[in-house]
Amino acid sequence: MFLNQSLSNSMRNLSQRVKVVASSAAAYSQTAKMLPRVVLCDPVEYQYECKAMFDGVAEVIKIDPSTDRREFIRRLQPGGTLEGVIGLFERNQSIGRIGRFDEDLISELPSSIKWIAHMGAGYDKVDVLACKERGIGVSNTPGAVDDATATTALYLMISALRGFSAAERSLRAGNWNRSHSSESTHDITGRIVAILGLGGIGLRFAELVHAFPMRILYHSRRKVAAAPEWCEHYDKEHLDEMLAQADVLSVHVPYTKETRNIVDETVIRKLKKGAIIVNTARGQVVDEEAMIKALRDGHLSGVGLDVFCNEPNIDRRWYDIPNAVLLPHLGTATADSRKKMELQALRNLCDFVLTGKGADIVPELR
Ligand SMILES: NC(=O)c1ccc[n+]([C@@H]2O[C@H](COP(=O)([O-])OP(=O)(O)OC[C@H]3O[C@@H](n4cnc5c(N)ncnc54)[C@H](O)[C@@H]3O)[C@@H](O)[C@H]2O)c1
């Protein structure tokens, strides 16, 4: 009797609880429907963190990794699965499928889209001026990339000055050849490095090479207030003076219309004979043809390159230049940096949904 009574009470409670759960699920799905929608144009690795960040903030839509540019545009249109999205997350990976966020693509985006959260410090993939015209904000991930990219520049510089990469290639080919370690290789300590673009990465690189120590000169768009006193500033009028002293030119400017081939033949020839160039910025900021010519005629004694003009189909002549240290754009390729960059890009998108603005809005749109 007691058991029956208790069973029927439990059944009543259960049925009430089911009703409560069902109605809160309905309410939740109602809320979920009303949440703003954002789209991930590239897969995210830190899915748990992403889910937690956007929980109750936005409906996050992942697009099929096979989606190409036409399909992406089609889905954004009224009636498409991405209709009404207000913000996008993207990284360089989607270049091969969706392509650049150039003027054409920006003009096809629906007016609902008001934010593009780019994962990476260099945002040359996104036409920010076209975004500005359409009232779309763009964020990047400064800071998160500094350590990994500066370390890459450091490796390229050391390897080029000491001839380590060439020696390793020779060793792996079965040659125990120590003759490279003669006049063409140099100590790092006491040499002079010129940094072009003293931003986040340039400054971190300066801190690292200061440890040798090296003498550090720099040219940036303007004198950097945060630069330590051991970073010697050279303005545009005195650029030649800086170049003439440098054993190493390390390039850290963003790729823009203004910086395309900023290191051209004239700049290269103003470097002292035997200097090396390190480029971890973008291939397009250094004139590759002029660099190859200067390596061949001995004006440059080496280069260290993480970036190239036509990645990944780089100029095949690079393979045969022994004093070129080459990496396949590995600047930020560490688990730690990728995590920092991804979460920072997602945070910018989430903050845009919550407050109308991501913290790392790019300088052109501030
Ligand atoms: N190899 C890689 O994997 C990798 C990784 C991250 C970033 N990058 C590249 O490195 C670049 C620099 O990144 P960052 O985070 O240091 O950027 P940043 O914006 O912090 O610094 C760039 C610096 O360049 C200066 N600058 C801009 N235009 C200039 C000009 N015309 N002349 C002189 N100085 C100029 C700016 O004033 C700024 O000080 C990125 O734009 C990106 O292209 C490459």
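Residues numbered from 1 in each chain as written. Predicted model: local features only at pLDDT ≥ 70, side-chain atom pairs only at ≥ 80, totals over all residues. Heavy atoms only, no water.

S.K.: Tell me about the pairing of strand 4 (residues 115-119), and name the residues and values.
M.R.: The element strand 4 is largely enclosed, with a buried count of 5 among its 5 residues. As judged from the 5 bridges shared by strand 3 (residues 87-91) and strand 4, these two strands associate in the parallel manner. Of the residues in strand 4, the one forming a bridge with Leu-88 is Ile-116. The parallel pair strand 3 and strand 4 is bridged by helix 4 (residues 103-108), and the resulting crossover is right-handed. For the segment spanning strand 4, helix 5 (residues 128-134) and strand 5 (residues 137-139), crossover handedness is right-handed. (Buried < 20%, exposed > 50% of the residue type's maximum accessible area, 1.4 Å probe, protein only. Helix = DSSP H or I, 4+ residues; strand = E, 2+ residues; numbered from the N terminus. Pairing = 2+ DSSP bridges. Right-handed = clockwise from strand over helix to strand, strands pointing away.)

S.K.: Before we move on, can you summarise the packing of aromatic side chains with the specific residues and values?
M.R.: Under the counting rule described, the total for this entry stands at 3 aromatic pairs. Seen from their ring centres, Phe-72 and Phe-101 are 6.4 Å apart, and the 75 degrees between their planes marks the pair as edge-to-face. Here Phe-72 is found in helix 3 (residues 69-76), whereas its partner Phe-101 is found in the loop between strand 3 and helix 4, with 29 residues between them in sequence. For the residue pair Phe-72 and Phe-101, the accessibility class agrees, reading buried in each case. Taking the centre distance of 5.3 Å and the plane angle of 15 degrees together, the rings of Trp-115 and Phe-352 count as stacked. (Phe/Tyr/Trp six-rings, centres within 6.5 Å; stacked < 30°, edge-to-face > 60°.)

S.K.: Could you give me a rundown of the site of the ligand, with the residues and numbers involved?
M.R.: Around the ligand sit 26 residues, and of these Gly-200, Ile-201, Arg-221, Thr-280 and Asp-306 come closest. One of the backbone nitrogen or oxygen atoms of Arg-221 is found 3.0 Å away from a nitrogen atom of the ligand. Here Thr-280 contributes a backbone N or O atom positioned 2.9 Å from a nitrogen atom of the ligand. Relative to its free-state accessible area of 870 Å², the ligand is covered by the protein chains to the extent of 87%. (Near = heavy atom within 4 Å. Polar contact = N/O pair within 3.5 Å; in protein donor to acceptor, adjacent residues only side chain to side chain. Areas by Shrake-Rupley, 256 points an atom, 1.4 Å probe, with all protein chains shown as cover.)

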